[in-house]
Amino acid sequence: PEKQLTLELPEASLTELSLELTSAKLDARDVSAETLSVSGVSGSMELEGIHAGTLDIETVSGSLRCAQLDTQELRLSGVSGSVQVSGSFLRAGAETTSGSVRLSSSQLPEALEVSTVSGSVTLLLSRDAAFGYHFSTVSGSVSSDLSGAERRDSADISVETTSGSLSLKAAD
């Protein structure tokens, strides 16, 4: 039989919240915390309306979807499964072994580092954004719809893949 745990938190912002899952689906909505840590072994994670100074998410197997995110620092780590994040973040880091990474930010991040072994990376940013990016790959390609994106050896936005492509697209 399916088991379900529902946890309702007060509307006030929490200092720290840590959620750990072994084999379950996580559906978290409208959570505010200075530091929010989420880790899971298997199962999908869906987070919506999260407000956190620091958001740290680790998953071994399963998809991750974050919508309406508002955070200063975002750290994502996964082994297998797709990652989709949209919202606002100033600094972000994402590491995956296999699975696509799709990050959409309403503002140009100050720093963004993405690393994947086998998976494509899509960054959705403002059409008017002017920025430099670094892309390193063994067998991937890069495409960009953003006229203000300039490929450089060193940049605040860095993407590394072994076998995956980078797509820079307009979020609007």
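Residues numbered from 1 in each chain as written. Predicted model: local features only at pLDDT ≥ 70, side-chain atom pairs only at ≥ 80, totals over all residues. Heavy atoms only, no water.

Colleague: Tell me about the side chain of Thr-71, residues and numbers included.
Modeller: Note on placement: Thr-71 falls in strand E6 (residues 64–80). With a relative accessible area of 2%, Thr-71 lands in the buried category. Separated by 2.7 Å, the side chain of Thr-71 and the backbone oxygen of Ala-52 make a polar contact. Engagement of the side chain of Thr-71 in a polar contact is seen with the backbone oxygen of Gly-53, the distance being 3.3 Å. Look past the residues within four positions of Thr-71 in its chain and what remains in contact with it is Ala-52, Gly-53, Thr-54, Leu-55, Ser-88, Phe-89 and Leu-90. (Helix = DSSP H or I, 4+ residues; strand = E, 2+ residues; numbered from the N terminus. Buried < 20%, exposed > 50% of the residue type's maximum accessible area, 1.4 Å probe, protein only. Polar contact = N/O pair within 3.5 Å; in protein donor to acceptor, adjacent residues only side chain to side chain. Contact = heavy atoms within 4.5 Å.)

Colleague: Can you lay out the pairing of E6 for me, pointing to particular residues and giving the numbers?
Modeller: Each regular strand carries side chains that alternate between the two faces of the sheet. Relative to E6, strand E4 (residues 45–48) runs parallel, the two sharing four bridges. Of the residues in E6, the one forming a bridge with Glu-48 is Ala-67. Across nine bridges, strand E5 (residues 51–61) lies against E6 in parallel orientation. Looking at the pairing, Thr-54 lines up with Glu-73 of E6. Strand direction decides the pairing type here: E6 and strand E7 (residues 83–98), joined by 13 bridges, are parallel. From the neighbouring strand, Glu-73 faces E7, where its bridge partner is Arg-91. (Pairing = 2+ DSSP bridges.)

Colleague: So what's going on with unusual backbone geometry? Residues and values would help.
Modeller: The general pattern is negative phi for most residues beyond glycine and trans for most peptide bonds. Backbone geometry at Asp-30 places phi at a positive 55°, although glycine is not the residue there. Relative to the helices and strands, Asp-30 is located in the loop between strand E2 (26–29) and strand E3 (32–42). Notably, Gln-68 is not glycine yet its phi reads approximately 55°, a positive angle. Summarising the element assignment, Gln-68 is placed in strand E6.

Colleague: Residues and numbers for the pairing of E3, please.
Modeller: Looking at chain direction, strand E1 (residues 14–23) and E3 are connected through eight bridges and run parallel. Each bridged residue has a counterpart across the sheet, and for Ser-23 the counterpart in E3 is Ser-42.

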